Amino acid sequence: MGPHPAVAAIRLAVRRVLHDVLHDVLTERPETSRVTTPHRSSTLVADDRPLVLVACSGGADSMALASALAFEAPKLSVRAGAVTVDHGLQDGSDLRAAEVVARLGGMRLDPVESVAVTVGRDGGPEAAARDARYAALDAAAERHGAAAVLLGHTRDDQAETVLLGLARGSGTRSLSGMAAVSGAAGRYRRPFLQVDRQTARKACLVQSIPVWDDPHNTDPAYTRSRLRHEGLPALEKALGKGVVEALARTARLSRDDADALDAWAADVERSVRDASGLLECAKLYALPPAVRRRVLRTAVITAGAPAGSLFARHIEEVDRLITGWRGQGAINLPGRVEARRQGGRLVIRQG
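So, here's what we can say about the structure. A quick note: this is a predicted structure, and the numbers were derived from the prediction, not measured.

## A word on the pairing of strand S1 (residues 51-55)
- Among the five residues that make up S1, five are buried, leaving the element largely enclosed by the rest of the structure.
- Neither face of S1 is open: one carries Leu-51, Leu-53 and Ala-55, the other Val-52 and Val-54, and all of them are buried.
- Inspection of the sheet shows S1 paired to strand S2 (residues 79-86) by five bridges, in the parallel sense. Pairing of Val-52 across the sheet is with Ala-80, part of S2.
- Bridge analysis of S1 against strand S4 (residues 148-150) gives three bridges, and the strand direction is parallel. Bridge assignment links Val-52 to a residue of S4, and that residue is Ala-148.

This is the structure in C-alpha cells:
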C-alpha cells in the first residue's frame with residue numbers, strides 16, 4: 001500500500017522542485033553531468049551534491065515540507081538541511097526553536113540550525129518580522145552554500161496574498177501573489193503553492209509529526225490573521241466554496257500577464273530615452289499605459305526610491321506628468337526622489 005494521499009501530494013510537490021533545482025545546478029555547473037534520476041542510481045559524489053535547506057517554523061506547513069524533503073532528497077542525490085528562525089517575539093521562543101531543531105535532526109536533516117534575529121519596526125510588525133526572517137535565511141544559505149531554500153507557503157497563503165494585494169490596489173503584479181521561484185538567483189522555492197493548508201496538516205497528522213500552532217496566526221491584531229479567520233470565511237459564505245482555488249488561479253494568470261508586460265517594458269525602456277538618457281515624454285505617451293507605468297516605476301526605483309514604499313498612487317502622479325501635463329511642479333516620491341517635467345523630458349532624481 002502506498003502512502004496516504006496527503007503524504008503523496010506533498011512528496012510529489014517537493015520532488016518536482018528538487019528536479020528543478022538539480023537542473024539549475026547542472027546548468028550552472030555543466031562539468032557535473034552525472035545526475036541521478038528516479039530511474040537511475042545515484043552517481044554524484046558527496047562533495048558534488050547540492051544542498052537544499054527548508055525554512056521551518058515548526059508549524060504544520062513547514063514541518064510537512066521538511067518531512068517531504070527528508071524523504072525525497074536522498075533519492076536524488078541532494079543534501080537536505082533546515083533552518084528555523086527565532087524572532088524572539090514570544091516568551092520561550094528560544095526553547096521552541098530548540099525543539100524544532102531536535103525534530104528536524106530526528107528527520108536526519110543536516111545541517112540544522114536555529115538563528116535568532118532582532119525584529120525592527122519598519123513597515124509594521126508583520127513586514128519587519130518578514131524582513132528579519134529573509135535576511136537570516138539569506139545569510140544561512142550563503143553560509144552553507146545552499147542551492148535553494150524551500151518555503152512552506154500553501155495555496156491558502158497565496159489566496160490571502162492576492163486579497164491583500166487587491167486591498168492595496170497595487171495592480172497586476174501585486175495580484176500575482178507569491179512566485180514559485182524568487183530571490184537572488186532563484187534561491188527561494190515554494191513547492192506547496194498548489195497544495196492546500198489542510199493537506200499539509202493532514203500529512204503531519206498521519207505521519208505523527210508534532211506541530212506548533214503560532215498564536216500570532218489567530219491574533220486579530222494582525223491583518224493576515226483577520227483575513228484568514230474572518231475575511232476568507234465570509235467570502236466563502238457569500239460566494240460558495242472554491243474561493244481559495246479561484247484566487248490562486250488568479251495569481252497564476254496575473255503573474256503570466258505581469259511577466260509579459262515587464263518584459264515588454266524592459267525591451268522598450270531604452271528606446272524612449274534621448275541621447276543623454278532622459279525619458280522623452282512624447283515617446284512615453286505613445287506607449288500603452290500598463291507598459292508606460294512599468295517604465296516609470298523602474299526609473300523611479302533606479303533613482304533611489306525604495307520599491308517597498310512605492311505604491312500605485314505614486315506612479316499615477318508621475319504618469320500625469322506625461323498624460324495630463326498642465327505645468328504642474330515636481331512630484332515628491334519615497335526615498336527623497338522627485339520627478340519633474342522639463343522641456344519635454346522627464347527628469348527623475350534624488351533631491
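## Brief notes about the packing of helix H1 (residues 5-28) against helix H2 (residues 60-72)
- Contact geometry of H1 with H2 gives a least axis separation of 9 Å together with a crossing angle of 60°. One way to sum up the angle between H1 and H2 is to call them oblique. Relative to H2, H1 is oriented so that their crossing is right-handed. Residue-level inspection shows Ile-10, Arg-11, Val-14, Arg-15 and Leu-18 of H1 in contact with H2, the latter providing Ala-64, Leu-65, Ser-67, Ala-68, Leu-69, Phe-71 and Glu-72.
- A per-class count over the contact of H1 with H2 returns eight nonpolar, one polar and three charged.

Conventions and cut-offs
Residues numbered from 1 in each chain as written. Predicted model: local features only at pLDDT ≥ 70, side-chain atom pairs only at ≥ 80, totals over all residues. Heavy atoms only, no water. Buried < 20%, exposed > 50% of the residue type's maximum accessible area, 1.4 Å probe, protein only. Helix = DSSP H or I, 4+ residues; strand = E, 2+ residues; numbered from the N terminus. Pairing = 2+ DSSP bridges. Axes fitted to C-alpha atoms, helices over the stretch in contact; angles between N-to-C directions. Parallel < 35°, antiparallel > 145°, perpendicular 65-115°, else oblique. Left-handed = near helix turned anticlockwise from the far one by under 90°. Contact = heavy atoms within 4.5 Å. Nonpolar A, V, L, I, M, F, W, Y, C, P; charged D, E, K, R; others polar.

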